[in-house]
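Listed below are the residues making up each chain.
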Amino acid sequence: MQRIEQHASFGGRQEVWKHASASLQCDMKFAVYLPPAALRGEACPVLYWLSGLTCTEQNFITKAGAQAHAARHGFIVVAPDTSPRGSAVPDDPAYDLGQGAGFYLDALQAPWATHFRMESYVVHELPALVQQHFPASDARGVFGHSMGGHGALTLALRHPGRYLSVSAFSPIVAPSQLPWGRKAFAAYLGDVGAAWAAHDAVELVRGPLSQRLHLLVDQGEADEFIDTQLQPERLREACAARGHPLTLRMHGGHDHSYYFIASFIADHFEHHAQALSGRA
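1. Let's talk about the nonpolar core
Line of reasoning, step 1. Formed by 67 residues in total, the largest nonpolar core has its most connected members in Ile76, Val78, Phe103, Tyr188 and Leu235.
Line of reasoning, step 2. Ignoring sequence-local partners within four residues, the contact set of Ile76 consists of Val32, Tyr33, Leu34, Pro35, Ala38, Cys44, Pro45, Val46, Leu47, Phe134, Pro135 and Ala136.

2. Concerning unusual backbone geometry
Line of reasoning, step 1. Geometrically, the link from Ala110 to Pro111 is a cis peptide bond, its omega value of 0 degrees lying close to zero.
Line of reasoning, step 2. Summarising the element assignment, Pro111 is placed in the loop between strand S5 (76-80) and helix H4 (118-133).
Line of reasoning, step 3. Located in the positive-phi region is Phe10, a residue other than glycine, with phi close to 50 degrees.
Line of reasoning, step 4. Within the element layout of this structure, Phe10 appears in the loop between strand S1 (2-9) and strand S2 (12-21).
Line of reasoning, step 5. Unlike most non-glycine residues, Gln231 shows phi in positive territory, near 45 degrees.
Line of reasoning, step 6. Inspection of the secondary structure puts Gln231 in the loop between helix H9 (226-230) and helix H10 (233-242).

3. Notes on the sheet that holds S5
Line of reasoning, step 1. Taken in spatial order, the nine strands make up an open sheet running S1-S2-S3-S5-S4-S6-S7-S8-S9, and their pairing is mixed. The sheet is open, and its two edges are formed by S1 and strand S9 (246-251), each paired on a single side. Strand-to-strand twist in this sheet, taken as the mean axis angle between neighbours without regard to direction, amounts to 20 degrees.
Line of reasoning, step 2. In terms of strand pairing, S1 meets S2 through seven bridges, oriented antiparallel. Within the sheet, the bridge partner assigned to His7 lies in S2 and is Gln14.
Line of reasoning, step 3. Packed on one face of the sheet, helix H5 (residues 147-158) meets strand S4 (44-50), strand S6 (136-145), strand S7 (165-169) and strand S8 (215-220) and runs near 135 degrees to S6.

4. Topic: the side chain of Gln67
Line of reasoning, step 1. Within the fold, Gln67 resides in helix H3 (residues 67-73).
Line of reasoning, step 2. Since its relative accessible area comes to 10%, Gln67 is described here as buried.
Line of reasoning, step 3. Leaving out residues up to four positions away in the same chain, Gln67 has contacts with Ser9, Phe10, Gln14, Tyr33 and Ile61.

5. Topic: H4
Along an α-helix, a turn takes 3.6 residues, which lines up residues three or four apart on a common side.
Line of reasoning, step 1. The sharpest bend along H4 reaches about 35 degrees and sits at Glu125, with the proline Pro127 one to four residues further on.
Line of reasoning, step 2. On its buried face, H4 is in contact with S2, strand S3 (26-34), S4, S5, S6 and H5.

6. Quick notes on the pattern of salt bridges
Line of reasoning, step 1. Within this structure, the stated rule accounts for 12 salt bridges.
Line of reasoning, step 2. Among the ionic pairs, Glu15 bridges to Arg3, the shortest N-O distance being 3.0 Å. Within this pair, whereas Glu15 is found in strand S2, its partner Arg3 is found in strand S1, the two being separated by 12 residues in sequence.
Line of reasoning, step 3. When its relative accessible area of 1% is taken as the criterion, Glu15 is described as buried.
Line of reasoning, step 4. The partly exposed category is assigned to Arg3, whose relative accessible area is 37%.
Line of reasoning, step 5. With a closest N to O distance of 3.0 Å, Glu233 and Arg236 form a salt bridge. One end of the pair, Glu233, and the other, Arg236, are both in helix H10, three residues apart, so they sit about a helical turn from each other.

Calculation rules
Residues numbered from 1 in each chain as written. Predicted model: local features only at pLDDT ≥ 70, side-chain atom pairs only at ≥ 80, totals over all residues. Heavy atoms only, no water. Core = buried A, V, L, I, M, F, W, Y, C linked by side-chain atoms within 4.5 Å. Buried < 20%, exposed > 50% of the residue type's maximum accessible area, 1.4 Å probe, protein only. Contact = heavy atoms within 4.5 Å. Helix = DSSP H or I, 4+ residues; strand = E, 2+ residues; numbered from the N terminus. Pairing = 2+ DSSP bridges. Axes fitted to C-alpha atoms, helices over the stretch in contact; angles between N-to-C directions. Bend = angle between axes of the 7 residues up to and from the residue. Salt bridge = Lys/Arg side-chain N within 4 Å of Asp/Glu carboxyl O.

And the structure:
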């Protein structure tokens, strides 16, 4: 791995690393914040942040204001890029497919299947690298925004025991039913069927689950995508029907931006701390 950025921040250090990914068969970047406890060599829980469409690792680390909260709680925070990238990686002219739009799944169809394996990367390859190179414990949480909120919810639900906590901002809760998700799923997964349901948080909640993590979801009521792409009430209804623990908070005046995320990210760190603190 090659460290390409480092910045002192709240007694810790914000870094960005580049490495050759076996899962994605391209070079990848990820950001990692090391709190003061990690710089002292103490084993720290790890929070994985998954960003939304068009984002890279930079959006979260420069806009969310997460470093102060990570330092206070003693969390390592890892933020990968949203997809494979490079001239050899397939792409699409639209912003919601291809590079920048990995949807945190393993693609099954050409030309995407070779490189677009973000589920394998986020769930397996990246945590192995983090534990090898940083003082990370095996206590993990995951959170994200929009497409990344979809990824956080589905990866936590699909991999019981892998994460101790999960939360999301403005997630795509039912991608198999909504335009962004249907477009991506058709390209990456093929015909509608079990593969679509397996990457849909609402459908996963409706099915049998061996782990029932408390879902914290924040949604801005002034979000331009709330009615067309997000529809958080679908998740509320599914969780109510199954008795799945959910806190869905609606916030008047807030939109889909990082101003919204920064306004409430402290609450998300508190949510994860209830599960992760003391588990280092």
